[in-house]
Amino acid sequence: MYFAQNVNEYLSNAMRSVAEARIEIGLFIKEEKSKSAIIAEIEAADTLYDALYDVVSQIATLCGAVLTEDIINETSKEIERRSEIQINTSK
């Protein structure tokens, strides 16, 4: 039975991009918190930072769904293969 060992390349790239954006926003927040003149922007950045965590979670859920589909497909194939072997062996 074969299971894909790596996550879909598109999903991996999306996850890396979101993670990188979250890092950059986190660095912005850390650097700018000492400047009281842009409090509203920092609050907006905090909201965006949290929202990107949700995006990461949604991509992870999608990765899980893709993997689950692969497992279901592969186990179905294996059931058919073993069933054929039993039928041919019992003849």
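What you are looking at is a predicted structure, and each value in this text was computed from that prediction instead of being measured.

Engineer: Help me out: how do you make sense of the overall build of the protein chain in this one?
Structural biologist: Of regular secondary structure, the protein chain possesses two helices and zero strands. Burial status across the protein chain gives 14% buried among its 91 residues. Sequence separation of at least 24 residues holds for 66% of the intrachain contacts in the protein chain that already meet a minimum separation of 6. Looking at the protein chain as shown, the accessible area adds up to about 7,100 Å², and 58% of this sits on carbon and sulfur atoms.

Engineer: When you look at the side chain of Glu32 in this model, what are you seeing that I'm missing?
Structural biologist: Tracing the backbone shows Glu32 in helix α1 (residues 9-32). For Glu32, a relative accessible area of 10% puts it in the buried group. Glu32 has contacts with Ile38 and Ile42, leaving out every residue within four places of it along the chain.

Engineer: How do you make sense of the packing of α1 against helix α2 (residues 39-89) when you look at a structure like this?
Structural biologist: When two helices pack together, their arrangement is given by the angle between their axes and by how far apart the axes lie. At their nearest, the axes of α1 and α2 sit 9 Å apart, and the two run at 160° to each other. Relative to α2, α1 is oriented roughly antiparallel. For the element pair α1 and α2, the recorded crossing hand is left-handed. Taken together, the residues of the contact of α1 with α2 break down into 21 nonpolar, one polar and three charged.

Engineer: Before we go on, may I ask you to explain the pattern of salt bridges in this structure?
Structural biologist: Opposite charge on two side chains allows them to pair when their charged atoms are near. For the structure shown, the criterion picks out three salt bridges. Close ionic contact of Glu74 with Lys77 constitutes a salt bridge, the shortest N to O distance being 3.2 Å. A residue pair is termed a helical-turn pair when its members lie 3 or 4 positions apart in one helix, as Glu74 and Lys77 do in helix α2 at three residues. A relative accessible area of 52% means that Lys77 is categorised as exposed. Between Arg81 and Glu78 there is a salt bridge, and its shortest N-O distance comes to 2.6 Å. Remark: Glu78 and Arg81 occur in helix α2; sequence separation between them is three residues, near one turn of the helix. By relative accessible area, which is 43% here, Arg81 ends up partly exposed. The structure contains a network of salt bridges with shared partners spanning Glu78, Arg81 and Arg82.

Engineer: Got a minute to help me understand the packing of aromatic side chains in this structure?
Structural biologist: The geometry of an aromatic ring pair is captured by the separation of the ring centres together with the interplanar angle, meaning the angle of the planes. Summed over all chains, the structure comprises zero aromatic pairs. Taking the ring centre of Tyr49 as reference, the NZ or CZ of Arg22 above it sits at 3.9 Å.

Engineer: Even after reading the chapter, I still don't get the nonpolar core, so can you show me in this structure?
Structural biologist: In globular proteins that are soluble, nonpolar side chains generally tend to be buried together. Listed in full, the nine residues of the largest apolar core are Leu11, Val18, Ile25, Ile29, Ile42, Ala45, Leu52, Ile59 and Cys63. When residues of this core are traced back to their parent elements, those giving at least two are α1 and α2. It is α2 that provides the largest number of residues to this core, a total of five residues. Setting aside chain neighbours within four positions, we find Leu11 in contact with Ile59, Leu62, Cys63 and Val66.

Conventions used here
Residues numbered from 1 in each chain as written. Predicted model: local features only at pLDDT ≥ 70, side-chain atom pairs only at ≥ 80, totals over all residues. Heavy atoms only, no water. Helix = DSSP H or I, 4+ residues; strand = E, 2+ residues; numbered from the N terminus. Buried < 20%, exposed > 50% of the residue type's maximum accessible area, 1.4 Å probe, protein only. Contact = heavy atoms within 4.5 Å. Areas by Shrake-Rupley, 256 points an atom, 1.4 Å probe, with all protein chains shown as cover. Axes fitted to C-alpha atoms, helices over the stretch in contact; angles between N-to-C directions. Parallel < 35°, antiparallel > 145°, perpendicular 65-115°, else oblique. Left-handed = near helix turned anticlockwise from the far one by under 90°. Nonpolar A, V, L, I, M, F, W, Y, C, P; charged D, E, K, R; others polar. Salt bridge = Lys/Arg side-chain N within 4 Å of Asp/Glu carboxyl O. Phe/Tyr/Trp six-rings, centres within 6.5 Å; stacked < 30°, edge-to-face > 60°. Lys NZ or Arg CZ within 6 Å of the ring centre and 35° of its normal. Core = buried A, V, L, I, M, F, W, Y, C linked by side-chain atoms within 4.5 Å.

Remember, this is a structural readout, not a statement about activity or role.
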